[in-house]
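Chain by chain, the residues:
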Amino acid sequence: MKNPFGSDDRSAGLVRIAGFVGVVALAGVAAFGIGRAVGPIHNNSSHDSHSSASTDADMTEGSDMQPGGLAATQDGYTLQLDDRITASSAEAPIRFRIVDTAGAPVTDYQTEHDKELHLIVVRRDLSGYQHLHPVRDAAGTWTTTADLSRAGDYKVFADFAPTGAAGITLGTDLAVGGDYQPVPLPAESATAVVDGYTVQMTGTVAAGPGSMVSFKVTQDGTPVTDLQPYLGAYGHLVALRSTDLAYVHVHPGGAPGDGHTAPGPDVAFHMTAPSAGTYRLFLDFKHGDRVRTAEFTVNVENAPAMPGHQSTSPAPAHHGGH
Ligand SMILES: [Cu+2]
């Protein structure tokens, strides 16, 4: 690890994310209720029906902020691992299926970011992040290998969209036998170093509507302007909440070939945080024909108290764009 003894020193932080948690809670409850009724929680068409819960149109963008990955079964789909316990190995096999309510493996998927399914494997202490692309057979069984050389409890996320359904992220547990020595989360930082690249994060994310965050990639002090497309973008970002590994959806801010998105040095994303707390961000980018992952610890702060509520802390200067 880059910083195995990293403290949780919030004063070191450069990145502050303000969120309107109060309003988010209202919008979230409405979105969740509707989502249960019609199926997918990512149903964007549910926006209008709860807009009265908010005084700001931006706040109604909330259904997409419902975090995924917290359940192995959701919206009628189940992530089924063949083996929930495995021996440590640098090339540990992982086999799984996505099954429907009848137990039948799903074999029809939509392509998202160039792939039918994205598999994220990470240890519970948020170390050892891996973004994998398993291969599916005709019967619907997915296979890949992961580096599970270190013992511990792992979380496996499958991010996919069945044909005719909304995107969904299922999460399940995978135990790797041996002596588990969890490492503390590295301290908050807007700068990450990986493979000789330095990546600087800028931007403030509001919890409700989402905001743009940007990452500048430099190599030996020189901005990298020839990033290679990876998964249909110049970067792929996953954010996980440290308390429960909630999987936060992040969308690229532009695509290669769209006429205005440059191949670096800056890569932008639209991101939301579902609550205050500490998050780990994993940015995959491709350069020199290799995919590299820059990791950031970000502390998301609570929004100022809503009108009518008491607060003892001074109001932050920044109100998430208002
Ligand atoms: Cu992927």
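Residues numbered from 1 in each chain as written. Predicted model: local features only at pLDDT ≥ 70, side-chain atom pairs only at ≥ 80, totals over all residues. Heavy atoms only, no water.

> Help me understand the overall build of the protein, please; the structure alone is not making it clear to me.
Check the secondary structure of the protein and you find one helix and 21 strands. Counting across all 322 residues of the protein, residues that qualify as buried make up 47%. Within the protein, contacts between residues at least 6 apart in sequence are counted, and of these 68% link residues at least 24 apart. Carbon and sulfur atoms make up 51% of the accessible area of the protein, which amounts to about 14,300 Å² in all. (Helix = DSSP H or I, 4+ residues; strand = E, 2+ residues; numbered from the N terminus. Buried < 20%, exposed > 50% of the residue type's maximum accessible area, 1.4 Å probe, protein only. Contact = heavy atoms within 4.5 Å. Areas by Shrake-Rupley, 256 points an atom, 1.4 Å probe, with all protein chains shown as cover.)

> Sorry if this is basic, but what is going on with the coordination of the copper ion here?
Octahedral six-donor coordination of a metal ideally yields angles of 90 or 180 degrees, compared with 109.5 degrees for tetrahedral four-donor coordination. Here the copper ion is held by His118 (ND1), His131 (NE2) and His133 (NE2), and the distances to it run 1.7 to 2.0 Å. Linear spacing of the donor residues for the copper ion on their chain is H-x12-H-x1-H. Separated by 13 residues along the polypeptide, histidine 118 in strand 6 (residues 117–123) and histidine 131 in strand 7 (residues 130–132) bring together distant segments of the chain. Each member of the pair, histidine 118 as well as histidine 131, carries the same accessibility label: buried. (Donors = N, O, S within 2.8 Å, 3.2 Å for Na, K, Ca; no water.)

> Can you walk me through the sheet that holds strand 11 (residues 168–176) in this structure?
The five strands are arranged 4-11-10-6-7 in an open sheet whose pairing can be described as mixed. Of all strands in the sheet, those with a lone pairing partner are strand 4 (85–86) and strand 7, marking the two edges. Two elements, strand 6 and strand 10 (residues 152–160), share seven bridges in a ladder whose sense is antiparallel. By the bridge assignment, leucine 119 is partnered in strand 10 with alanine 158. (Pairing = 2+ DSSP bridges.)

> What am I meant to see in the pairing of strand 11 here?
The side chains of a regular strand alternate between both faces of the sheet. Strand 11 sits mainly inside the fold: seven of its nine residues count as buried. Sheet analysis places strand 4 next to strand 11, joined by two bridges and oriented parallel. Residue pairing in the sheet places isoleucine 85 in a bridge with alanine 175 of strand 11.

> Is there a simple way to explain the sheet that holds strand 5 (residues 89–99) in this structure?
Within a beta sheet, neighbouring strands are joined by backbone hydrogen bonds and run either parallel or antiparallel to one another. Spatially, five strands are ordered 2-3-5-9-8 in an open sheet, and the strand pairing comes out antiparallel. On the outer flanks of this sheet lie strand 2 (73–74) and strand 8 (135–136), each paired with one strand and no other. Sheet analysis places strand 2 next to strand 3 (residues 77–81), joined by two bridges and oriented antiparallel. Considered in strand 3, the bridge of threonine 73 is made with threonine 78.

> Whenever I open this one, the pairing of strand 20 (residues 277–287) confuses me. Can you help?
Counting buried positions along strand 20 gives nine out of eleven residues, so the element sits mostly inside the fold. Bridging between strand 16 (residues 236–241) and strand 20 involves six bridges; their strand directions are antiparallel. Pairing of histidine 236 across the sheet is with aspartate 284, part of strand 20. Note that strand 20 and strand 21 (residues 290–301) share eleven bridges and pair antiparallel. The residue bridging aspartate 284 from the neighbouring strand is threonine 293, located in strand 21. Between the antiparallel neighbours strand 20 and strand 21 lie two residues, among them glycine 288 with a positive phi of about 60°.

> Would you mind showing me how to read the pattern of salt bridges here?
A side chain with one charge may pair with a side chain of the opposite charge, provided their charged atoms come close. Evaluation of the coordinates by the stated rule reveals ten salt bridges. The partner of aspartate 82 in a salt bridge is arginine 95, and the shortest N-O contact between them spans 2.8 Å. Residue aspartate 82 is found in the loop between strand 3 and strand 4, and its partner arginine 95 is found in strand 5; the two are separated by 13 residues along the sequence. Accessibility expressed as a relative area gives 30% for aspartate 82, which makes it partly exposed. Each of Asp82, Arg95 and Arg97 takes part in a single network of salt bridges with overlapping partners. (Salt bridge = Lys/Arg side-chain N within 4 Å of Asp/Glu carboxyl O.)

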